[in-house]
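Below are the chains, spelled out letter by letter.
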Amino acid sequence: MRWISEIVFRLRATLCPGRLEREMDEEMAFHLEMEARKLLQRGMTPEEAMKQARRNFGEPMRHKERARESWGITMIMNLRNDVRLTLRSLRRNPVFAGVAIFTLALGIGANTATFSVVNGVLLRSLPFPRADRIVFLCEVRPDEARNCHTASPPNVADWANQSGSFEALGVFRWWPFMLGTSEGSRSVAATIATPGLMDVLGFQPALGRLLQPEDQAEGRRNVVVLSHDFWQSRFGGDPGIVGTTLDLDGSPFEVVGVLREGNDPPSLQPGITQIWTPLHIDPRDERHRNWRGFYALGRLAPGVSLSEARQEMESIRVGLATQHPETNAEWGLQLTTLQDRVVGGVRTTLLFFLGAVGLVLLITCANIANLILARMSSRERELGIRAALGADARRLAGLLLAEGLVLASLGAGLGLLLARFLIPSSSPWLPQGSLGWGRWNWTPRSWPSPWG
Amino acid sequence: MGRDKPDMIRGTLDMLILKVLSLEPMHGWGVSERIQQISEDALQVNQGSLYASLHKLTREGWIRSYWQVTENNRRARYYALTRAGERQLGLEREHWERLASAVTRILAAT
């Protein structure tokens, strides 16, 4: 039972301290009155009685202080008082308050904004399991090495067959389908992929299965895997969706699975992906070897480093170039981690910025420390009076701490507000969508179009 | 901030308040008067300690307080012992008696 009365008491004391104070005043006034009445009966004059009663009672302020201490909320009350006092004294020194808060806000705001960008771009990994093992492979012409072109499916199939560096390799591209419904047809965005891509990205089915190698064989019936979002928005999350048929471009496609939420392709392509269909290409068909219209991604095999993979792939490339000189002779091969591919160019710049604003924050702190120091020397008298009135060292330290707290809170609040405006919603030299407060999304603007 | 001279052995004031309130519910001034009366003015209650103690005992749940009009038609806060307070009084009395007899034995030692 004790804890109940304790909680009730503390709630009362914290929420309506005024009432407790009034009750205490009344209680002590009553005490004085009774004491005076007693003395009056002993034959004192009213004035004498009151004086004597006061003397007997002692110092009411001290008594109240001690009673308050027994409430167990002295800390909170002191903090409240200190904060109120600080706010009042800051209002009386608007220049000091303004300079201190604005300096803090600048330092905190600049840091928050920069860190938000760095966090979005560099620190948060791509939304795939062990994303650091994902490698972007692209074929390049040596004479235009800066342009990373994409890869052709027969080449990627040969890479997969000949190399041991990759656990999985896959290609994908975007494709619009027309979905026939009872209300007419509408377009849906598809990603056409080889099944290996789903292994590279670490996808998992929420229902049914993923794309499988058998789905690729020409002449097989058409299958489709739905994205989680599309399944939810178009079919209301119907659990019986697997096995039904969709009409895509006038042909029947059997739904074989639904992906888990967040299993989205790297959005290098226009629009989002609503459905996935397998790429129906015979990799042995040489007509396709020059069709460099696909993005290629690979997942490094355990224990294989990027440079080992580069070495192996280079010898494979040379072999393929002698085998297929008409399509491959002029093409080199570049391997970069997906992460580097996305943020490589801006990494150094961002880290440099982060260091710079870190220094700015240090300078801010030094500035504030100086400001407070300067103010303190003019407050010596005030603190002296407080000490003389009975404030002990702890109480004075508490007051100064509360002042720091108030300044820091105001500065931080304004700083966050400032950061909100400093963070650009997009920037031509940063991965699109990596900025701001929203969800991670990455689409480099400068990415070559698969159509071009 | 000077500390008050303890007017009684630390902790005994709580016990005395509980005891006095076990006789009948009373307001703060009454408690202090009663302690002085019964002790024949040997014990002077410091008013600051008195109210700190009363508030602390209330917080502990050993006494409860309520406002009531006195015989002189004056509103006053009365304190009354709770069940938990009775138990606590028993404990403290036991403890006190052990302590007192121990002190007496030591002083009587030859």
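K.L.:
Looking at this structure, I do not really get the overall build of chain B. What am I missing?
P.N.:
Secondary structure summary: chain B contains four helices and three strands in total. Listed N to C, the secondary structure of chain B is α-β-α-α-β-β-α in terms of helices and strands. The 110 residues of chain B split such that 31% are buried. The long-range fraction of contacts in chain B, counting pairs at least 24 apart against all pairs at least 6 apart in sequence, stands at 50%.

K.L.:
Just to check I follow, could you spell out the sheet that holds strand E2 (residues 63–69) of chain B for this structure?
P.N.:
Pairing between sheet strands relies on hydrogen bonds along the backbone, with the strands arranged either parallel or antiparallel. The strand order E1-E3-E2 (chain B) describes an open sheet built from three strands, whose pairing is antiparallel. Sheet topology places strand E1 (26–27) and E2 of chain B at the edges, where each strand pairs with a single neighbour.

K.L.:
I tried to follow the pairing of strand E7 (residues 251–259) of chain A on my own but got confused; where do I start?
P.N.:
One face of the sheet, then the other: side chains in a regular strand alternate in exactly this way. Residue and element names in this part refer to chain A. Alignment of strand E4 (residues 205–208) against E7, held across three bridges, turns out to be antiparallel. By the bridge assignment for E7, Gly 208 is matched with Gly 257. Where strand E5 (residues 223–226) meets E7, four bridges bridge the pair, whose relative direction is parallel. Opposite Val 223, over in E7, you have Glu 254 as the bridge partner. As paired elements, strand E6 (residues 245–248) and E7 share four bridges and run antiparallel to each other. Counterpart to Leu 246 in the pairing with E7 is Phe 253. Counting the residues that bridge the hairpin from E6 to E7 gives two residues, and of these Asp 249 lies at a positive phi of roughly 50°.

K.L.:
What's the story with the interface of chain A and chain B in this structure? I'm lost.
P.N.:
Many structure descriptions define interface size as the accessible area lost when the parts assemble. Counting from both sides, the interface comprises 23 residues of chain A and, opposite them, 18 residues of chain B. Elements supplying a minimum of two residues to the side of chain A that touches chain B: helix H1 (2–15), helix H2 (17–41) and helix H4 (60–71) of chain A. Broken down by element, the side of chain A that touches chain B gets its largest block of residues, seven residues, from H4(A).

K.L.:
Could you clarify how one ought to interpret unusual backbone geometry in this entry?
P.N.:
Note on backbone geometry: most residues besides glycine have negative phi, and most peptide bonds are trans. In this structure, A:Arg130 takes a positive phi of about 40° despite not being glycine. Tracing the backbone shows A:Arg130 in the loop between helix H6 (94–123) and strand E1 (134–140). Given 12 C-beta atoms within 10 Å, A:Arg130 falls into the exposed group. Even without being glycine, B:Asp41 reaches a positive phi, approximately 65°. Its location among the elements puts B:Asp41 in the loop between helix H2 (28–38) and helix H3 (47–60).

K.L.:
What should I look at first to understand the packing of H2(B) against H3(B) in this one?
P.N.:
A pair of packed helices can be characterised by two numbers: the angle between their axes and the separation between those axes. Residues and elements named next belong to chain B. The geometry of H2 relative to H3 is characterised by a closest axis approach of 10 Å and an angle of 120° between their N-to-C directions. One finds that H2 runs oblique with respect to H3. Considering only the axes of H2 and H3, their crossing is right-handed. Packed against H2, whose contacting residues are Gly 28, Val 31 and Ser 32, the element H3 presents Gln 47, Leu 50, Tyr 51 and Leu 54 at the interface.

What counts and what doesn't
Residues numbered from 1 in each chain as written. Chains lettered and ligands numbered in written order. Predicted model: local features only at pLDDT ≥ 70, side-chain atom pairs only at ≥ 80, totals over all residues. Helix = DSSP H or I, 4+ residues; strand = E, 2+ residues; numbered from the N terminus. Buried ≥ 20, exposed ≤ 12 C-beta atoms within 10 Å, placed from the backbone. Contact = placed C-beta atoms within 7 Å. Pairing = 2+ DSSP bridges. Axes fitted to C-alpha atoms, helices over the stretch in contact; angles between N-to-C directions. Parallel < 35°, antiparallel > 145°, perpendicular 65-115°, else oblique. Left-handed = near helix turned anticlockwise from the far one by under 90°.

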